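Listed below are the residues making up each chain.
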Amino acid sequence: TVSVLYWRSNAMYTSEGTSAPKPLSDTAFRVEEKRYKLYRTDPRQVRKGKAQPPPATDFSDVVDARDIDGNTAANRRMLHVHTVPASTPGDLFRPSTSITAVTFDGVPGLTILPNLLTDAAQRRLCVQSLTEFVRPPYPNNMSALDPAYVAKDGYEPRLRWATLGYAYDWTSRTYKGERERVPFPDSIAAAVRHVVALLPSVDASLRPVADGYDAQTAIVNFYPVGTSMMAHQDLSEACLHRPLVSISLGCSSVFLMGTESRDDRPHAFWLRSGDVAVFTGPSRLAYHAVPRILDDTPRHLLPSDPSDTETTDAAALAKMAGLRVNINVRQVYDAQHPAPA
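Computed from a predicted structure; not experimentally measured.

About the thresholds
- Residues numbered from 1 in each chain as written.
- Predicted model: local features only at pLDDT ≥ 70, side-chain atom pairs only at ≥ 80, totals over all residues.
- Heavy atoms only, no water.
- Core = buried A, V, L, I, M, F, W, Y, C linked by side-chain atoms within 4.5 Å.
- Buried < 20%, exposed > 50% of the residue type's maximum accessible area, 1.4 Å probe, protein only.
- Helix = DSSP H or I, 4+ residues; strand = E, 2+ residues; numbered from the N terminus.
- Contact = heavy atoms within 4.5 Å.
- Pairing = 2+ DSSP bridges.
- Axes fitted to C-alpha atoms, helices over the stretch in contact; angles between N-to-C directions.
- Expected span 1.5 Å × (residues − 1).
- 1 Å grid on protein atoms, 1.4 Å probe; cavity = no way out; pocket = protein on both sides within 12 Å on 5 of 7 lines; lining within 4 Å.
- Points joined across faces, edges and corners; volume = space filled by probe spheres on them.

(A) Layout of the nonpolar core. Ranked by size, the top nonpolar core spans 55 residues in total, and within it Ile-188, Phe-222, Val-276, Ile-327 and Val-329 carry the most contacts. The dominant element in this core, judged by the number of residues it contributes, is helix 6 (residues 186–202), at 9 residues. When neighbours within four sequence positions are excluded, Val-329 is seen to be in contact with Phe-184, Ile-188, Val-192, Tyr-213, Ala-215, Thr-217, Ala-218, Pro-243, Leu-244 and Val-245. If you look at the next biggest cluster of nonpolar residues, it comprises 20 residues, including Cys-251, Phe-269, Ala-286 and Val-290.

(B) Geometry of the sheet that holds strand 13 (residues 253–257). Judged by pairing direction, the sheet is antiparallel, and its 4 strands sit side by side in the order 11-16-13-14 without closing on themselves. Strand pairing shows two members of the sheet lacking a second neighbour, strand 11 (229–232) and strand 14 (267–271), which therefore form its edges. Between one strand and the next, the sheet's axes are offset by a mean angle of 25 degrees, whatever the strand orientation. By the bridge criterion, 2 bridges tie strand 11 to strand 16 (residues 288–293) in an arrangement that is antiparallel. Across the sheet, residue His-232 finds its bridge partner in strand 16, namely His-288. Packed onto the sheet, helix 1 (residues 28–36) meets strand 11, strand 13, strand 14 and strand 16 and runs at close to 15 degrees relative to strand 16.

(C) Inspection of the sheet that holds strand 12 (residues 244–250) at higher detail. Judged by pairing direction, the sheet is antiparallel, and its 8 strands sit side by side in the order 4-5-6-15-12-17-10-7 without closing on themselves. Looking at strand neighbours, the two that pair on one side only are strand 4 (79–85) and strand 7 (161–165), the edges of this open sheet. Between one strand axis and the next, the sheet turns by 20 degrees as a mean value, whatever way the strands run. By the bridge criterion, 4 bridges tie strand 12 to strand 15 (residues 276–279) in an arrangement that is antiparallel. Looking at the pairing, Ile-247 lines up with Val-276 of strand 15.

(D) Here's a closer look at helix 6. In this model, helix 6 (17 residues) spans 25 Å end to end at C-alpha, consistent with the 24 Å of a helix rising 1.5 Å per residue. Within the span of helix 6, buried status applies to Ile-188, Ala-189, Ala-191, Val-192, Val-195, Val-196, Leu-198, Leu-199, Pro-200 and Val-202.

(E) Focus on empty space enclosed by the protein. For the structure on display, the rule yields 1 cavity of 30 Å³ or more. The calculated volume of the largest cavity comes to roughly 40 Å³. Breaking the lining of the largest cavity down by element, the ones donating at least two residues are helix 6 and strand 12. The leading source of residues in the lining of the largest cavity is helix 6, at 3 residues.

Structure (structure tokens):
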């Protein structure tokens, strides 16, 4: 089904298939986005002495893959915990002879690997994201507007995304060809291959989409507290049957995932630093969003001495306060769908 967007009287409308246009504000997905968004006190009302405290957010229905027993009874009935035998390469995964994977009946194809990455692996990825990945040759939202832009001091608040591997054209929503491809970090490619290799142990039917997986591109998103990502689908890749792997770092987030229609109510999930989520099957094509970032950066992602900003790592990690970093990895092309020149 193709979703068509309309703008009328400053309101956005959606038409799923041939149904009549419906304001996005009325869709089931948008209702859930508003439910979890961060509301702030209006400073104009403060000045007038009429300020009302923002409404408290009820997080009780957010699915928690780290605390199965703490979920609502309805959500517990849909949760399944899988123990997957696995080796733990280097300092990537937490030392263990097995890995926990969580699936949820309400969102077929979504697998969450809670607290998978070690503290050291998280720190390394954060430092890379805030220094290496926001500088040439990697494109970002600022260099897309001004090719002369260089983030000399690494991450700054104006940065919203950077891309690794195949460059993405945000206007046409297509990937560019081989000539504009930038290097894809070997460390992330290896990490994602290990994650994807676990999938057949969770669901044997996933072996065809897991075998031979090639991590080719990633979008690194930066979410300061107070920002959000509205409902969207990731449909630009030629290999939509291949998994999308999402790595969460820094502040916790409320993550919404629904179906291929905004009219279906999505489910909410906690994604915390070190969690890895994998989208396959129906979830790979589903609408998803990040309506809320919590201000809870883990202590291990901040400088050991907040006053020490002399080293590159300390200077980068000082920027993790109040920030979520998300690295989402995809395979774009394969032998049947080769990359353009």
